[in-house]
Amino acid sequence: MNEQALLHGDRPLVVKIGSSILIDDAGRARRDWMAALVGALTGRPGPVVVVSSGAIGLGRRPLGLTGRPTSLADAQAAAAVGQIELARTWADLWSAGGRTAAQVLLTLGDLEDRGRYLNARNTFETLLERGVVPIVNENDTVATGEIRFGDNDRLAARTAQLVGAELLVLLSDVDGLYDADPGTTPHARRIPFVEHIDAEIEALAGTAASTGFGTGGMVTKIEAAKIATAAGCPVLLTSGRHDEPFDGLDEGRRGTWFAARQRPLAARKQWLRGLQQHEGRLTLDAGAAGALKRGASLLARGLVDVDGDFPRGALVRLDGPDGAIGQGLSGYASDDVRAIRGAHSERFHALLGYSGRGPVIHRDDLVLFEPDEMPP
Ligand code: GLU
(Lines give C-alpha, C1' and ligand atoms only; values in the text may rest on other atoms or scores of the structure.)
Protein backbone atom coordinates (compact mmCIF):
# COMPACT_ATOMS: atom_id res chain seq x y z
CA MET A 1 0.00 0.00 0.00
CA ASN A 2 2.03 3.01 1.17
CA GLU A 3 5.44 1.65 0.22
CA GLN A 4 6.02 4.62 -2.04
CA ALA A 5 5.44 7.05 0.85
CA LEU A 6 8.41 5.64 2.75
CA LEU A 7 11.29 6.61 0.48
CA HIS A 8 9.61 8.60 -2.26
CA GLY A 9 6.79 10.56 -0.61
CA ASP A 10 6.37 14.32 -0.70
CA ARG A 11 4.64 14.73 2.64
CA PRO A 12 6.23 14.29 6.10
CA LEU A 13 7.48 10.88 7.18
CA VAL A 14 7.87 10.17 10.90
CA VAL A 15 10.31 7.39 11.86
CA LYS A 16 10.42 6.24 15.48
CA ILE A 17 13.43 4.26 16.64
CA GLY A 18 13.57 2.34 19.89
CA SER A 19 16.52 2.35 22.31
CA SER A 20 17.26 -1.33 21.72
CA ILE A 21 18.02 -0.53 18.08
CA LEU A 22 20.09 2.58 18.71
CA ILE A 23 22.22 1.62 21.67
CA ASP A 24 24.57 -1.37 21.82
CA ASP A 25 25.20 -3.56 24.86
CA ALA A 26 28.15 -1.39 25.90
CA GLY A 27 25.86 1.66 26.04
CA ARG A 28 27.17 3.28 22.86
CA ALA A 29 25.19 4.71 19.95
CA ARG A 30 25.13 2.38 16.93
CA ARG A 31 26.49 5.01 14.59
CA ASP A 32 26.80 2.82 11.52
CA TRP A 33 23.18 1.84 11.66
CA MET A 34 22.14 5.45 12.25
CA ALA A 35 24.26 6.51 9.28
CA ALA A 36 22.58 3.87 7.12
CA LEU A 37 19.18 5.22 8.12
CA VAL A 38 20.21 8.78 7.32
CA GLY A 39 21.69 7.60 4.02
CA ALA A 40 18.44 5.88 3.07
CA LEU A 41 16.34 8.95 3.88
CA THR A 42 18.45 11.86 2.62
CA GLY A 43 17.13 11.40 -0.90
CA ARG A 44 13.47 11.37 0.17
CA PRO A 45 11.74 14.32 -1.52
CA GLY A 46 9.42 15.09 1.42
CA PRO A 47 10.30 16.09 5.01
CA VAL A 48 11.58 13.59 7.58
CA VAL A 49 11.01 13.66 11.35
CA VAL A 50 12.97 11.25 13.58
CA VAL A 51 11.53 10.30 16.96
CA SER A 52 14.58 8.93 18.72
CA SER A 53 14.78 7.10 22.02
CA GLY A 54 18.10 6.22 23.54
CA ALA A 55 18.84 9.17 25.82
CA ILE A 56 18.60 7.11 28.99
CA GLY A 57 20.59 4.27 27.42
CA LEU A 58 23.39 6.62 26.37
CA GLY A 59 23.51 8.52 29.65
CA ARG A 60 23.99 5.52 31.89
CA ARG A 61 27.68 4.88 31.31
CA PRO A 62 28.92 8.45 31.94
CA LEU A 63 26.93 8.43 35.18
CA GLY A 64 28.40 5.09 36.25
CA LEU A 65 25.00 3.42 36.28
CA THR A 66 24.83 -0.25 35.37
CA GLY A 67 21.65 -1.82 34.04
CA ARG A 68 18.42 0.07 33.76
CA PRO A 69 18.16 3.00 36.19
CA THR A 70 15.89 1.93 39.03
CA SER A 71 14.72 5.33 40.22
CA LEU A 72 12.93 7.89 38.10
CA ALA A 73 15.45 10.52 39.23
CA ASP A 74 18.34 8.36 37.91
CA ALA A 75 16.49 7.76 34.64
CA GLN A 76 15.92 11.49 34.24
CA ALA A 77 19.53 12.31 35.06
CA ALA A 78 20.70 9.68 32.56
CA ALA A 79 18.35 11.10 29.92
CA ALA A 80 19.70 14.61 30.51
CA VAL A 81 23.28 13.36 30.02
CA GLY A 82 22.46 11.05 27.11
CA GLN A 83 20.25 13.46 25.19
CA ILE A 84 23.18 15.75 24.35
CA GLU A 85 25.13 12.93 22.78
CA LEU A 86 22.08 11.50 21.06
CA ALA A 87 21.23 14.85 19.47
CA ARG A 88 24.86 15.50 18.52
CA THR A 89 25.21 12.10 16.87
CA TRP A 90 22.06 12.64 14.79
CA ALA A 91 23.11 16.21 13.96
CA ASP A 92 26.54 15.04 12.75
CA LEU A 93 25.08 12.27 10.63
CA TRP A 94 22.40 14.44 9.02
CA SER A 95 24.95 17.15 8.42
CA ALA A 96 27.14 14.64 6.56
CA GLY A 97 24.04 13.93 4.45
CA GLY A 98 23.67 17.66 3.74
CA ARG A 99 20.74 18.29 6.10
CA THR A 100 20.41 20.33 9.27
CA ALA A 101 18.93 18.60 12.32
CA ALA A 102 16.97 20.24 15.15
CA GLN A 103 16.30 18.98 18.67
CA VAL A 104 12.65 18.98 19.75
CA LEU A 105 11.81 17.83 23.28
CA LEU A 106 8.12 17.45 24.08
CA THR A 107 5.90 16.38 26.94
CA LEU A 108 2.34 15.14 26.86
CA GLY A 109 1.25 18.38 28.53
CA ASP A 110 2.75 20.40 25.67
CA LEU A 111 0.47 18.72 23.19
CA GLU A 112 -2.63 18.82 25.37
CA ASP A 113 -2.47 22.56 25.97
CA ARG A 114 -3.90 24.17 22.83
CA GLY A 115 -1.66 27.22 22.91
CA ARG A 116 1.49 25.14 23.24
CA TYR A 117 0.19 22.67 20.67
CA LEU A 118 -0.07 25.53 18.18
CA ASN A 119 3.43 26.71 19.08
CA ALA A 120 4.82 23.22 18.53
CA ARG A 121 2.97 22.87 15.24
CA ASN A 122 4.24 26.23 13.99
CA THR A 123 7.80 25.32 14.92
CA PHE A 124 7.56 21.96 13.14
CA GLU A 125 6.01 23.64 10.11
CA THR A 126 8.83 26.19 9.91
CA LEU A 127 11.55 23.56 10.41
CA LEU A 128 10.09 21.27 7.75
CA GLU A 129 9.61 24.12 5.27
CA ARG A 130 13.29 24.85 5.63
CA GLY A 131 14.34 21.27 5.06
CA VAL A 132 15.44 20.72 8.66
CA VAL A 133 15.11 17.25 10.23
CA PRO A 134 13.56 17.47 13.72
CA ILE A 135 14.95 14.90 16.18
CA VAL A 136 12.18 14.41 18.71
CA ASN A 137 12.28 12.86 22.17
CA GLU A 138 10.28 13.15 25.33
CA ASN A 139 11.48 15.98 27.57
CA ASP A 140 12.43 13.50 30.29
CA THR A 141 13.69 16.12 32.75
CA VAL A 142 10.25 17.59 33.34
CA ALA A 143 8.02 14.66 32.40
CA THR A 144 7.13 12.59 35.41
CA GLY A 145 4.39 10.17 36.40
CA GLU A 146 1.04 11.02 34.92
CA ILE A 147 2.41 13.73 32.62
CA ARG A 148 4.77 11.35 30.84
CA PHE A 149 4.15 9.90 27.43
CA GLY A 150 6.17 7.12 29.02
CA ASP A 151 6.95 5.57 25.70
CA ASN A 152 8.06 7.09 22.47
CA ASP A 153 5.54 5.06 20.47
CA ARG A 154 2.72 7.35 21.53
CA LEU A 155 4.93 10.43 21.27
CA ALA A 156 5.67 9.41 17.68
CA ALA A 157 1.97 8.94 16.91
CA ARG A 158 1.12 12.38 18.31
CA THR A 159 4.02 13.87 16.34
CA ALA A 160 2.73 12.22 13.16
CA GLN A 161 -0.65 13.78 13.88
CA LEU A 162 0.92 17.18 14.58
CA VAL A 163 2.84 17.35 11.30
CA GLY A 164 0.14 15.68 9.17
CA ALA A 165 2.51 12.82 8.30
CA GLU A 166 1.83 10.59 5.33
CA LEU A 167 3.40 7.63 7.10
CA LEU A 168 4.59 6.68 10.58
CA VAL A 169 7.23 3.93 10.78
CA LEU A 170 7.87 2.27 14.15
CA LEU A 171 11.27 0.58 14.07
CA SER A 172 11.82 -1.75 17.00
CA ASP A 173 13.04 -5.25 17.70
CA VAL A 174 9.87 -6.94 16.43
CA ASP A 175 9.18 -7.33 12.75
CA GLY A 176 5.44 -6.95 12.98
CA LEU A 177 2.31 -8.17 14.69
CA TYR A 178 1.88 -11.96 14.82
CA ASP A 179 -1.24 -14.07 15.17
CA ALA A 180 0.44 -16.00 18.00
CA ASP A 181 3.67 -15.86 19.97
CA PRO A 182 6.40 -16.72 17.43
CA GLY A 183 8.71 -17.63 20.31
CA THR A 184 6.52 -20.53 21.40
CA THR A 185 4.25 -21.19 18.41
CA PRO A 186 6.20 -22.61 15.46
CA HIS A 187 3.51 -21.71 12.94
CA ALA A 188 2.88 -18.17 14.17
CA ARG A 189 2.23 -15.97 11.18
CA ARG A 190 3.00 -12.32 10.74
CA ILE A 191 -0.09 -10.27 9.94
CA PRO A 192 1.02 -8.19 6.95
CA PHE A 193 -1.93 -5.79 6.86
CA VAL A 194 -4.46 -4.51 9.40
CA GLU A 195 -7.41 -2.67 7.90
CA HIS A 196 -8.97 -1.77 11.23
CA ILE A 197 -7.65 -2.11 14.79
CA ASP A 198 -10.47 -4.01 16.49
CA ALA A 199 -10.75 -5.90 19.77
CA GLU A 200 -9.18 -8.98 18.20
CA ILE A 201 -6.05 -7.08 17.15
CA GLU A 202 -5.83 -5.44 20.57
CA ALA A 203 -6.12 -8.84 22.22
CA LEU A 204 -3.19 -10.09 20.11
CA ALA A 205 -1.11 -7.19 21.34
CA GLY A 206 -2.09 -8.03 24.92
CA THR A 207 -1.02 -11.63 24.48
CA ALA A 208 2.23 -10.48 22.97
CA ALA A 209 3.05 -8.34 25.95
CA SER A 210 2.08 -10.81 28.60
CA THR A 211 3.96 -13.72 27.04
CA GLY A 212 7.01 -11.61 26.46
CA PHE A 213 7.16 -11.80 22.67
CA GLY A 214 7.68 -8.39 21.18
CA THR A 215 9.57 -7.41 24.34
CA GLY A 216 6.39 -6.26 26.02
CA GLY A 217 6.08 -3.20 23.83
CA MET A 218 3.30 -4.36 21.52
CA VAL A 219 0.50 -2.76 23.53
CA THR A 220 1.93 0.74 23.20
CA LYS A 221 2.67 0.10 19.52
CA ILE A 222 -0.94 -0.80 18.84
CA GLU A 223 -2.03 2.22 20.86
CA ALA A 224 0.26 4.39 18.77
CA ALA A 225 -1.13 2.83 15.60
CA LYS A 226 -4.64 3.63 16.81
CA ILE A 227 -3.82 7.30 17.43
CA ALA A 228 -2.05 7.73 14.10
CA THR A 229 -4.52 5.84 11.91
CA ALA A 230 -7.47 7.69 13.48
CA ALA A 231 -5.67 10.92 12.58
CA GLY A 232 -5.36 9.76 8.97
CA CYS A 233 -1.78 8.47 9.04
CA PRO A 234 -0.96 4.87 8.06
CA VAL A 235 1.57 3.03 10.23
CA LEU A 236 4.27 0.51 9.43
CA LEU A 237 5.50 -1.56 12.34
CA THR A 238 8.71 -3.38 11.58
CA SER A 239 12.09 -4.47 12.84
CA GLY A 240 15.07 -2.15 12.92
CA ARG A 241 17.42 -5.10 13.31
CA HIS A 242 18.69 -5.02 9.75
CA ASP A 243 21.91 -3.32 8.73
CA GLU A 244 20.03 -1.51 5.98
CA PRO A 245 16.98 -0.26 7.90
CA PHE A 246 14.56 -0.02 4.98
CA ASP A 247 15.64 -2.89 2.74
CA GLY A 248 12.73 -4.92 1.53
CA LEU A 249 10.12 -2.70 3.14
CA ASP A 250 9.06 -1.00 -0.04
CA GLU A 251 8.28 -4.42 -1.46
CA GLY A 252 6.24 -5.36 1.59
CA ARG A 253 8.56 -8.23 2.55
CA ARG A 254 8.38 -7.60 6.27
CA GLY A 255 6.41 -5.64 8.82
CA THR A 256 2.74 -5.01 9.54
CA TRP A 257 0.93 -2.16 7.81
CA PHE A 258 -1.99 -0.44 9.51
CA ALA A 259 -4.38 1.43 7.19
CA ALA A 260 -5.35 5.04 7.87
CA ARG A 261 -9.00 5.48 8.75
CA GLN A 262 -9.49 8.71 6.85
CA ARG A 263 -7.59 11.59 5.31
CA PRO A 264 -5.56 13.61 7.87
CA LEU A 265 -7.28 16.93 7.28
CA ALA A 266 -10.71 15.33 7.44
CA ALA A 267 -9.77 13.81 10.81
CA ARG A 268 -8.64 17.15 12.16
CA LYS A 269 -11.74 18.94 10.89
CA GLN A 270 -13.94 16.31 12.49
CA TRP A 271 -12.17 16.86 15.79
CA LEU A 272 -12.53 20.64 15.46
CA ARG A 273 -16.22 20.30 14.60
CA GLY A 274 -16.80 18.30 17.79
CA LEU A 275 -15.37 20.97 20.13
CA GLN A 276 -18.07 22.83 22.01
CA GLN A 277 -16.76 25.16 24.69
CA HIS A 278 -16.48 28.48 22.88
CA GLU A 279 -14.53 31.13 24.72
CA GLY A 280 -15.23 33.98 22.33
CA ARG A 281 -16.68 35.12 19.05
CA LEU A 282 -15.12 36.78 16.02
CA THR A 283 -17.27 38.66 13.53
CA LEU A 284 -16.00 38.70 9.94
CA ASP A 285 -16.84 40.97 7.05
CA ALA A 286 -18.35 39.51 3.89
CA GLY A 287 -14.96 39.41 2.14
CA ALA A 288 -13.35 37.32 4.89
CA ALA A 289 -16.37 35.02 5.19
CA GLY A 290 -16.18 34.41 1.42
CA ALA A 291 -12.42 33.79 1.57
CA LEU A 292 -12.89 31.18 4.32
CA LYS A 293 -15.39 29.34 2.14
CA ARG A 294 -12.74 29.22 -0.59
CA GLY A 295 -10.33 27.56 1.87
CA ALA A 296 -8.31 30.57 3.09
CA SER A 297 -7.08 31.30 6.61
CA LEU A 298 -8.73 34.05 8.66
CA LEU A 299 -6.74 37.27 8.43
CA ALA A 300 -6.98 40.18 10.86
CA ARG A 301 -7.90 42.46 7.97
CA GLY A 302 -11.34 40.89 7.63
CA LEU A 303 -12.28 41.09 11.33
CA VAL A 304 -15.07 43.45 12.32
CA ASP A 305 -15.62 42.54 15.96
CA VAL A 306 -14.12 40.50 18.82
CA ASP A 307 -16.17 39.22 21.78
CA GLY A 308 -14.87 37.58 24.94
CA ASP A 309 -11.59 37.21 26.81
CA PHE A 310 -9.67 34.17 25.73
CA PRO A 311 -6.12 32.82 25.53
CA ARG A 312 -4.24 31.80 22.39
CA GLY A 313 -5.53 28.43 21.19
CA ALA A 314 -9.07 29.04 22.50
CA LEU A 315 -12.09 27.80 20.57
CA VAL A 316 -13.97 30.76 19.07
CA ARG A 317 -17.17 30.95 17.05
CA LEU A 318 -16.98 32.67 13.69
CA ASP A 319 -19.86 34.87 12.55
CA GLY A 320 -20.26 36.31 9.07
CA PRO A 321 -22.64 39.15 8.21
CA ASP A 322 -25.54 36.63 8.25
CA GLY A 323 -24.70 34.74 11.46
CA ALA A 324 -22.61 31.73 12.51
CA ILE A 325 -20.46 30.24 9.76
CA GLY A 326 -17.94 28.12 11.65
CA GLN A 327 -15.50 27.77 14.52
CA GLY A 328 -11.77 27.54 15.05
CA LEU A 329 -8.78 27.87 17.34
CA SER A 330 -7.58 31.44 17.71
CA GLY A 331 -3.92 31.95 16.92
CA TYR A 332 -3.86 34.97 19.26
CA ALA A 333 -5.21 35.86 22.70
CA SER A 334 -8.27 38.14 22.67
CA ASP A 335 -6.34 41.31 23.57
CA ASP A 336 -4.01 40.74 20.64
CA VAL A 337 -6.91 39.99 18.27
CA ARG A 338 -8.50 43.30 19.31
CA ALA A 339 -5.21 45.10 18.73
CA ILE A 340 -4.80 43.79 15.17
CA ARG A 341 -8.49 43.73 14.16
CA GLY A 342 -8.84 45.19 10.67
CA ALA A 343 -5.08 45.62 10.27
CA HIS A 344 -2.68 44.35 7.62
CA SER A 345 0.07 42.04 8.95
CA GLU A 346 2.71 44.68 8.13
CA ARG A 347 1.34 46.71 11.04
CA PHE A 348 1.37 43.85 13.56
CA HIS A 349 4.74 44.79 14.97
CA ALA A 350 3.64 48.34 15.73
CA LEU A 351 0.33 47.15 17.19
CA LEU A 352 1.52 44.13 19.18
CA GLY A 353 5.14 44.85 19.95
CA TYR A 354 6.11 41.66 18.06
CA SER A 355 5.67 40.65 14.47
CA GLY A 356 2.75 38.31 15.09
CA ARG A 357 2.32 34.62 14.41
CA GLY A 358 0.59 34.50 11.07
CA PRO A 359 -3.16 34.51 10.47
CA VAL A 360 -5.71 34.97 13.25
CA ILE A 361 -6.85 31.42 12.50
CA HIS A 362 -4.87 29.04 10.30
CA ARG A 363 -7.04 27.30 7.71
CA ASP A 364 -6.25 23.88 9.25
CA ASP A 365 -7.54 25.15 12.61
CA LEU A 366 -11.01 26.15 11.45
CA VAL A 367 -14.07 24.32 10.30
CA LEU A 368 -17.08 25.78 8.51
CA PHE A 369 -20.64 24.71 9.29
CA GLU A 370 -22.67 23.14 6.50
CA PRO A 371 -25.35 25.56 5.22
CA ASP A 372 -28.20 23.71 6.94
CA GLU A 373 -26.23 22.83 10.06
CA MET A 374 -27.06 24.37 13.44
CA PRO A 375 -24.03 25.77 15.26
CA PRO A 376 -23.22 23.83 18.46
N1 GLU B 1 12.77 9.04 26.27
C2 GLU B 1 13.43 7.80 26.54
C3 GLU B 1 14.90 7.85 26.11
O4 GLU B 1 15.25 8.56 25.22
C5 GLU B 1 12.82 6.62 25.78
C6 GLU B 1 11.39 6.31 25.98
C7 GLU B 1 10.94 5.18 25.03
O8 GLU B 1 11.73 4.66 24.28
O9 GLU B 1 9.79 4.81 25.02
O10 GLU B 1 15.71 7.16 26.62
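Before reading on, note that the structure itself is shown above.
These notes cover the structure that comes with them. Note that this is a predicted model, so its numbers are computed, not measured.

**Points about the overall build of the protein**
In terms of regular secondary structure, the protein is built from 14 helices and 13 strands. Taking 21 Å as the expected radius of gyration for a compact globule of 376 residues, we find that the protein reaches 23 Å, a close match to that expectation. Principal-axis analysis of the C-alpha atoms places the extent of the protein at approximately 70 × 45 × 40 Å. Relative to its 376 residues, the protein shows a buried fraction of 50%. Roughly 17,000 Å² of accessible area belongs to the protein as shown, and the carbon and sulfur atoms make up 49% of that amount. Side-chain charges of the protein comprise 41 positive and 48 negative groups, with the mean position of each set lying 3 Å from the other.

**Details of a negative patch on the surface**
Residues Asp32, Asp243, Glu244 and Asp247 make up a contiguous surface patch of negative charge. Relative to the helices and strands, Asp32 resides in helix α3 (residues 31-41). A relative accessible area of 68% places Asp32 in the exposed class.

**What to know about the sheet that holds strand β11 (residues 315-320)**
An order of β10-β9-β11-β12-β13 is seen for the five strands of this open sheet, with the pairing classed as mixed. Edge positions in the open sheet fall to β10 (303-307) and β13 (366-368), since each of these has one partner strand only. On average, each strand axis in the sheet is tilted by 25° relative to the strand beside it, whichever way the strands run. Where β11 meets strand β12 (residues 323-329), six bridges bridge the pair, whose relative direction is antiparallel. If you follow Leu318 over to β12, its bridge partner there is Gly326. Where helix α12 (residues 286-293) meets the sheet, it contacts β9 (280-284), β11, β12 and β13, and its direction lies at approximately 100° from that of β9.

**Re the sheet that holds strand β1 (residues 13-17)**
Spatially, the eight strands line up as an open sheet ordered β3-β4-β2-β1-β5-β7-β8-β6, and their pairing is mixed. Pairing within the sheet leaves two strands with one partner each, and these edge strands are β3 (101-106) and β6 (193-194). As paired elements, strand β7 (residues 235-239) and strand β8 (residues 256-258) share three bridges and run antiparallel to each other. Looking across to β8, one finds that Leu236 is bridged to Trp257. Docked against the sheet, helix α10 (residues 218-230) engages β5 (167-172), β7 and β8, running at close to 155° with respect to β7.

**Overview of the nonpolar core**
One finds Val14, Leu106, Phe124, Val136, Leu168, Ile222 and Phe258 to be the most contacted residues of the largest nonpolar core, which totals 43 residues. Ile23, Ala29, Trp33 and Leu58 belong to the second-largest nonpolar core, a separate cluster that totals 33 residues.

**Considering the side chain of Arg121**
Mapped onto the secondary structure, Arg121 falls in helix α7 (residues 114-129). By relative accessible area, Arg121 is classed as buried at 7%. Aside from chain neighbours lying at most four places away, what touches Arg121 is Leu162, Arg268, His362 and Asp365.

**Examining the pattern of salt bridges**
For the structure shown, the criterion picks out 16 salt bridges. A salt bridge links Glu166 to Arg44, with the nearest nitrogen and oxygen atoms 3.1 Å apart. Taken together, the positions of Glu166 in the loop between α8 (152-163) and β5 and Arg44 in the loop between α3 and β2 (48-52) put the pair 122 residues apart, joining distant regions of the chain. Since its relative accessible area comes to 2%, Arg44 is described here as buried. In this structure, Asp179 and Arg189 form a salt bridge, with 3.7 Å as the shortest nitrogen-oxygen distance. With Asp179 in the loop between β5 and β6 and Arg189 in the loop between β5 and β6, this residue pair connects regions lying 10 residues apart in the sequence. For Asp179, a relative accessible area of 32% puts it in the partly exposed group. Its relative accessible area of 57% is what places Arg189 among the exposed residues.

**Some points on the pairing of strand β4 (residues 133-138)**
For β4, a buried count of six out of six residues is recorded, marking the element as mostly surrounded by other parts of the structure. Alternating positions in β4 separate into two faces, Val133, Ile135 and Asn137 on one and Pro134, Val136 and Glu138 on the other, with burial throughout. Here β2 pairs with β4 via two bridges, running parallel. Paired with Val51 across the two strands is Val136, which belongs to β4. Note: β3 against β4, six bridges, orientation parallel. Counterpart to Leu105 in the pairing with β4 is Asn137.

About the criteria used
Residues numbered from 1 in each chain as written. Predicted model: local features only at pLDDT ≥ 70, side-chain atom pairs only at ≥ 80, totals over all residues. Heavy atoms only, no water. Helix = DSSP H or I, 4+ residues; strand = E, 2+ residues; numbered from the N terminus. Rg over C-alpha atoms; globule rule 2.2 N^0.38 Å. Buried < 20%, exposed > 50% of the residue type's maximum accessible area, 1.4 Å probe, protein only. Areas by Shrake-Rupley, 256 points an atom, 1.4 Å probe, with all protein chains shown as cover. Lys, Arg positive; Asp, Glu negative; His and termini not counted. Charge placed at Lys NZ, Arg CZ, Asp CG, Glu CD. Patch = residues over 30% accessible without salt bridge, like charges linked within 9 Å, V, L, I, M, F, W, Y side chains within 5 Å. Salt bridge = Lys/Arg side-chain N within 4 Å of Asp/Glu carboxyl O. Pairing = 2+ DSSP bridges. Axes fitted to C-alpha atoms, helices over the stretch in contact; angles between N-to-C directions. Contact = heavy atoms within 4.5 Å. Core = buried A, V, L, I, M, F, W, Y, C linked by side-chain atoms within 4.5 Å.

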